[in-house]
Amino acid sequence: MTSTPAAPFGRVLTAMATAFDEDGGVDLEATARIAVHLVDHGHDGVVVSGTTGESPTTTVREDGAILAAVKDAVGDRAVVVAGVGTNDTAHSVQLARQAAEIGADGLLLVTPYYNKPSPAGVLLHFRSVVEATDVPVMLYDVPGRTATTIPMDVYEQAIAWDPVVAVKDAVGDLARGLRLRRLGYAVYSGDDPMNLAWLAHGAAGVVSVAGHVVGDQLAEMVRAFLGGDPVRALELHTAMQPAVDAVMGPANYGATTAKAALELLGVLDNRRVRPPLAALDDDEVSALRAGLEAAGVL
């Protein structure tokens with residue numbers, strides 16, 4: 001059996017939702033409650049202010065408050081990674097410096113979205129953010145949201161920067177992932193349906209969305225696979241699929257499904273999101289409930 005891959009941020013993380021109050025402001029108490037729920041259910045770490053945390057619609061001040069609240073709630077027993085990726089380099093540098101001051105254990109840095117920079121532009125953006133602090137960095141490759149895939153030559157140059165240690169991959173190219181591992185990256189699955197496949201290709205762990213509801217099962221699956229029991233890992237992965245499909249299936253998935261699921265579990269008392277997201281309607285919640293029940297979550 002091959003050696004267990006290094007996991008600089010732990011094995012099981014979730015890009016967690018951000019809770020909002022009735023006035024649309026960030027509900028820090030409820031957000032901290034989400035973090036506690038995750039860490040109580042199999043998680044080695046959490047990612048705040050990612051896409052699932054609705055970072056495109058939260059302010060720098062709010063992102064700092066979210067990070068501080070989550071660090072206070074779970075920072076003594078879990079890794080807390082701060083999402084700092086935007087399509088404005090100066091903004092991302094500001095977020096990175098703020099996160100370092102608050103004490104983030106890592107930074108999640110997504111490819112700039114919408115403006116579709118050239119490879120040289122992607123590299124400049126990454127280098128500017130990475131050099132702003134000495135906090136470990138996980139690059140995030142998700143072309144379905146950014147319209148830009150990180151070129152391999154950018155990866156080849158970025159791995160030479162000491163803080164860059166990992167990549168969250170939502171490209172789905174397993175052979176490409178093997179090349180990233182050979183370059184020295186710890187690869188994390190960024191696509192829940194692909195979690196087991198990524199582990200089979202040497203991934204260090206997962207950065208999940210479905211982990212809001214299947215954290216314990218994810219952790220057991222990772223332990224089973226890395227412990228040399230792929231049959232059990234496949235059983236667990238298969239059993240989780242109705243919940244994964246329910247969380248990841250709707251077109252508006254992410255914060256919307258995560259919050260509705262947390263409401264069904266009783267972790268939150270609402271499923272509010274900020275526009276342009278729209279909260280799940282009753283029919284969508286019913287479908288989500290059915291998926292969670294089929295997976296034995298409810």
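Residues numbered from 1 in each chain as written. Predicted model: local features only at pLDDT ≥ 70, side-chain atom pairs only at ≥ 80, totals over all residues. Heavy atoms only, no water.

As annotated in an unreviewed UniProt entry, the chain is 4-hydroxy-tetrahydrodipicolinate synthase from Nocardioides aquaticus. Quoted verbatim from the Sequence similarities (unreviewed entry) heading of the UniProt record, the comment on the chain is "Belongs to the DapA family." Listed in UniProt under the heading Subunit (unreviewed entry), the comment for the chain reads: "Homotetramer; dimer of dimers." (UniProt positions renumbered as here; feature names shortened; annotations may be inferred.)

### Section: the packing of aromatic side chains
Summed over all chains, the structure comprises 2 aromatic pairs. Ring centres of Tyr155 and Tyr185 lie 5.3 Å apart, and the angle between their planes is 80°; this geometry places the pair in the edge-to-face category. Of the two residues, Tyr155 sits in helix H6 (residues 152–158) while Tyr185 sits in the loop between helix H7 (174–183) and strand E7 (186–189), which places them 30 residues apart along the sequence. Each member of the pair Tyr155 and Tyr185 is classed as buried. (Phe/Tyr/Trp six-rings, centres within 6.5 Å; stacked < 30°, edge-to-face > 60°. Helix = DSSP H or I, 4+ residues; strand = E, 2+ residues; numbered from the N terminus. Buried < 20%, exposed > 50% of the residue type's maximum accessible area, 1.4 Å probe, protein only.)

### So, H7
Residues of H7 that are buried include every one of Leu174, Arg176, Gly177 and Leu180, and no others. Each buried residue of H7 lies within a common arc of 145° when the element is viewed along its axis, so the set occupies one face. Turned more than 90 degrees away from the buried face of H7 sit Ala175 and Arg182, all of them exposed. The inward-facing, buried residues of H7 abut strand E5 (137–141), H6, strand E6 (164–169), E7 and helix H8 (195–200). At the N-terminal end of H7, a side-chain oxygen is found 3.3 Å from the backbone nitrogen of Ala175, two or three residues along, and the residue is Asp173. (Arc of directions from axis to C-beta. Contact = heavy atoms within 4.5 Å. Polar contact = N/O pair within 3.5 Å; in protein donor to acceptor, adjacent residues only side chain to side chain.)

### A few points about the pairing of strand E8 (residues 205–208)
Where burial is concerned, the two faces of E8 agree: the one with Gly205 and Val207 and the one with Val206 and Ser208 are both buried. Bridging between strand E1 (residues 12–15) and E8 involves 3 bridges; their strand directions are parallel. Within E8, the position partnered with Thr14 by the bridge is Ser208. When E7 meets E8, the two strands line up parallel, connected through 2 bridges. Each bridged residue has a counterpart across the sheet, and for Ser189 the counterpart in E8 is Val206. Crossover handedness for the path E7 to H8 to E8: right-handed. (Pairing = 2+ DSSP bridges. Right-handed = clockwise from strand over helix to strand, strands pointing away.)

### Remarks on the UniProt feature "binding site: pyruvate" (unreviewed entry) in the chain
In the UniProt entry, the feature "binding site: pyruvate" (unreviewed entry) is given for Thr52 and Val207. A maximum C-alpha distance of 11.3 Å among these annotated residues, which run over 156 residues, shows that they cluster at one spot. For Thr52, the position within the fold is in the loop between strand E2 (45–48) and helix H2 (60–74). Classification of Thr52 as buried rests on a relative accessible area of 7%. Setting aside chain neighbours within four positions, we find Thr52 in contact with Ala15, Met16, Ala17, Thr18, Val209, His212, Gly254, Ala255 and Ala258. Tracing the chain through its elements places Val207 in strand E8. Among residues more than four places away in sequence, those in contact with Val207 are Leu13, Ala15, Val47, Met138, Lys168, Tyr188, Ser189 and Gly190.

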